[in-house]
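Each chain, letter by letter, is given below.
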Amino acid sequence: MTRLPIYLDYAATTPVDPRVADLLGRYLTREGVFGNPSSSTHAFGRTAAQAVEAAREHVAALLKADPREIVWTSGATEANNLALRGAMRAHARKGRHLIAGKTEHKAVLDVCRSLEREGCAVTWLDPEPDGLIQPERLAAALRPDTVLVSLMHVNNETGVVQDVAAVGALTRARGVLLHVDAAQGAGKLPIDLRTLPVDLLSLSAHKLYGPKGVGALYVRQRPNRVRLEPLLYGGGQEWGLRAGTLPTHQIVAMGEACRIAGAEMADAHDRIRRLRDRLWRGLAELGEVALNGHPERHWPGILNVSFAGIAAEALLAAIPEIAVATGSACASASNEPSHVLRAMGCDARRARGAVRFSLGRFTTTAEIDYTLEAVGTAVRRLRDLSPLWGESSGGASRAVDWAAP
Ligand SMILES: *Cc1c(COP(=O)(O)O)cnc(C)c1O
């Protein structure tokens, strides 16, 4: 028997892996390693500092980066703020222009908007209907005063994977910085910063089975050190880039979460791909179901679909024992149709009908099968009740083209 409720919202946050939680608990109490990592005069501090540096190596190893390129933050939101605000301030003499995708997470969009209010110019890149941003669009947007481009790796609503390598080749050739929000992709898809021309990259522990409230910003050191103006001033921690006493327990936990993610990545990907394909095949059998996002270039842990004739809220209300999302967690609070799907050219009805299923480390085949049963029953019932559906089904005057983009 499947345990209820079923969690299919791993893109919003993941549970902490029990192996990570065990370790975290050992860095809090008097019996554990509680010292301040900056207290270099005694063993309490030095032991904590060693744990922080070991964790830094795990995070760096996941990205094939150097440990000195990893700066601890409170999460991907702070990492994005530090990357964008820090780079625009440090390079103000070069220019005040930056470029970002329209399908970025709020934690990039809102930073860009705040920079706009402060006098920076932002060019917003439109995606294709499949969610991919064409490198040619970026090439056309680059200007002599462009300082930075921000483009996410895996989209949190659709799972679409941007072509970071192609974009990086363009920015590198033009001497423009490239920031990548990799909160959704890190630990799930391989990232090799020895070859990927990325200068700044944001991570979040709670998207990869670590705790909330900790993340990191990768800041390239070779061949050239990326200059950033810090957001926080204080004790000079993190080479002066991010002051504040390091939360050893959080950091150790993020390091362990990254170590596990790296070690298990290939197996996890295969498993999640199989579960996602099973879910998509089952949902597609219901008919008039559209996949939102590129059919191949996506991370399989995120499946975003619209059911013709059904509003997402109605479907969610009909399956209370299954935790799924409409759009992104942040957008669902505001009840606006997803900015990501709208940017991809979805009409409002299809965007409002979008449901995000996100799968992860603890998802089982039984959970997928239960979900298919429950969603199938709900979709058939809601369509039977819907006057719009009755009119349009079978008719040629369907207002929406439900074929996948
Ligand atoms: C979750 C998420 C964030 C925010 O990360 P926090 O660590 O919660 O601040 C930023 N970008 C993307 C793509 C995310 O999925």
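Quantities reported herein were computed from a predicted structural model and do not represent experimental measurements.

For the rest of this paragraph, the subject is the overall build of the protein. Assigned secondary structure in the protein consists of 13 helices and 12 strands. For 405 residues, the compact-globule estimate of 2.2 N^0.38 gives 22 Å, and the C-alpha radius of gyration of the protein, at 22 Å, lies within 12% of that figure. Seen through its principal axes, the protein has C-alpha atoms that stretch 75 × 55 × 35 Å. Every one of the 405 residues in the protein was classed for burial, and the buried ones make up 56%. Of the roughly 17,100 Å² of accessible surface on the protein, 53% is carried by carbon and sulfur atoms. A gap of 4 Å separates the mean positions of the 48 positive and 43 negative side-chain charges of the protein.

The next point concerns unusual backbone geometry. Pro-5 follows Leu-4 through a cis peptide bond whose omega is -5 degrees. At the junction of Arg-222 and Pro-223, the peptide bond is cis and its omega measures out at 0 degrees in the coordinates. When you line up the elements, Pro-223 lands in the loop between strand S8 (215–219) and helix H7 (248–284). Even without being a glycine, Lys-64 presents a positive backbone phi close to 55 degrees. Secondary-structure assignment places Lys-64 in the loop between helix H2 (43–63) and strand S2 (70–73). For Lys-64, a relative accessible area of 41% puts it in the partly exposed group.

A few words now on the site of the ligand. Close contacts around the ligand come from Gly-75, Ala-76, Thr-77, His-105, Met-152, Asn-156, Asp-181, Ala-183, Gln-184, Ser-204, His-206 and Lys-207, and that covers them all. Taking Ser-204, its side chain carries an N or O atom lying 2.7 Å from an oxygen atom of the ligand. Its residues assigned to classes, the shell around the ligand comprises three nonpolar, seven polar and two charged.

With that out of the way, let us pick up the sheet that holds strand S10 (residues 302–307). Spatial strand order, S9-S10-S12: three strands in an open sheet with antiparallel pairing. Each having just a single partner strand, strand S9 (289–291) and strand S12 (354–358) make up the two edges of the open sheet. Strand after strand, the sheet turns through a mean of 30 degrees between neighbouring axes, direction not considered. Contacts from H7 reach S9, S10 and S12 within the one sheet, and its direction differs from that of S10 by about 5 degrees. Each of S9, S10 and S12 touches helix H12 (residues 365–385); the most contacted strand, S10, lies at about 20 degrees to it.

Another aspect to go through is the packing of helix H3 (residues 76–90) against helix H4 (residues 106–117). Look at H3 against H4: their axes get within 9 Å of each other, and the N-to-C directions meet at 30 degrees. It follows from the interaxial angle that H3 and H4 lie roughly parallel. As for how H3 packs across H4, the hand of that crossing is right-handed. Facing H3, whose interface residues are Thr-77, Asn-80, Asn-81, Leu-84, Arg-85 and Met-88, H4 presents Ala-107, Val-108, Val-111, Cys-112, Ser-114 and Leu-115.

What the rule picks out here adds up to three cavities of 30 Å³ or more. What the largest cavity holds in volume is close to 180 Å³. For the largest cavity, the lining is made up of 21 residues, of which Gly-187, Lys-188, Tyr-209, Ile-272 and Trp-299 are closest to its centre. Top element by residues in the lining of the largest cavity is H7. It accounts for six residues. In terms of residue class, the lining of the largest cavity is made up of 10 nonpolar, seven polar and four charged. Two domains each donate at least three residues to the lining of the largest cavity, and these are domain 1 (6–12 + 265–396) and domain 2 (18–260). Counted as a void, the second largest cavity has a volume near 40 Å³. Forming the walls of the second largest cavity are Thr-158, Arg-276, Leu-291, Asn-292, Gly-293, His-294, His-298, Ile-302, Leu-303 and Asn-304. In terms of residue class, the lining of the second largest cavity is made up of three nonpolar, six polar and one charged.

Here the focus is the domain arrangement of the protein. As assigned here, the protein comprises domain 1 (6–12 + 265–396) and domain 2 (18–260). For domain 1 versus domain 2, the separation of C-alpha centres amounts to 29 Å. On the side of domain 2, 33 residues touch domain 1, which itself brings 26 residues to the contact. Of the roughly 2,600 Å² buried between domain 1 and domain 2, counting both surfaces, carbon and sulfur atoms make up 59%. At the junction of domain 1 and domain 2, the tally comes to zero salt bridges. Applying the counting criterion to the domain 1 and domain 2 interface returns 10 residue pairs in polar contact (both at pLDDT 80 or more).

Another aspect to go through is the environment of Glu-53. Mapped onto the fold, Glu-53 is located in helix H2. Judged by its relative accessible area of 35%, Glu-53 falls in the partly exposed class. In the structure, Glu-53 is positioned 199 residues away from Val-252 in sequence and 8.9 Å away in space, judged by C-alpha atoms.

Let's shift gears to the environment of Val-108. As for its placement among the helices and strands, Val-108 is situated in helix H4. Setting aside anything within four residues of it in sequence, one finds Val-108 in contact with Asn-80, Leu-84, Ser-150, His-179 and Asp-181.

Scoring rules and cut-offs
Residues numbered from 1 in each chain as written. Predicted model: local features only at pLDDT ≥ 70, side-chain atom pairs only at ≥ 80, totals over all residues. Heavy atoms only, no water. Helix = DSSP H or I, 4+ residues; strand = E, 2+ residues; numbered from the N terminus. Rg over C-alpha atoms; globule rule 2.2 N^0.38 Å. Buried < 20%, exposed > 50% of the residue type's maximum accessible area, 1.4 Å probe, protein only. Areas by Shrake-Rupley, 256 points an atom, 1.4 Å probe, with all protein chains shown as cover. Lys, Arg positive; Asp, Glu negative; His and termini not counted. Charge placed at Lys NZ, Arg CZ, Asp CG, Glu CD. Near = heavy atom within 4 Å. Polar contact = N/O pair within 3.5 Å; in protein donor to acceptor, adjacent residues only side chain to side chain. Nonpolar A, V, L, I, M, F, W, Y, C, P; charged D, E, K, R; others polar. Pairing = 2+ DSSP bridges. Axes fitted to C-alpha atoms, helices over the stretch in contact; angles between N-to-C directions. Contact = heavy atoms within 4.5 Å. Parallel < 35°, antiparallel > 145°, perpendicular 65-115°, else oblique. Left-handed = near helix turned anticlockwise from the far one by under 90°. 1 Å grid on protein atoms, 1.4 Å probe; cavity = no way out; pocket = protein on both sides within 12 Å on 5 of 7 lines; lining within 4 Å. Points joined across faces, edges and corners; volume = space filled by probe spheres on them. Domains from an automatic or database assignment. Buried area = accessible area lost by both parts, 1.4 Å probe. Salt bridge = Lys/Arg side-chain N within 4 Å of Asp/Glu carboxyl O.

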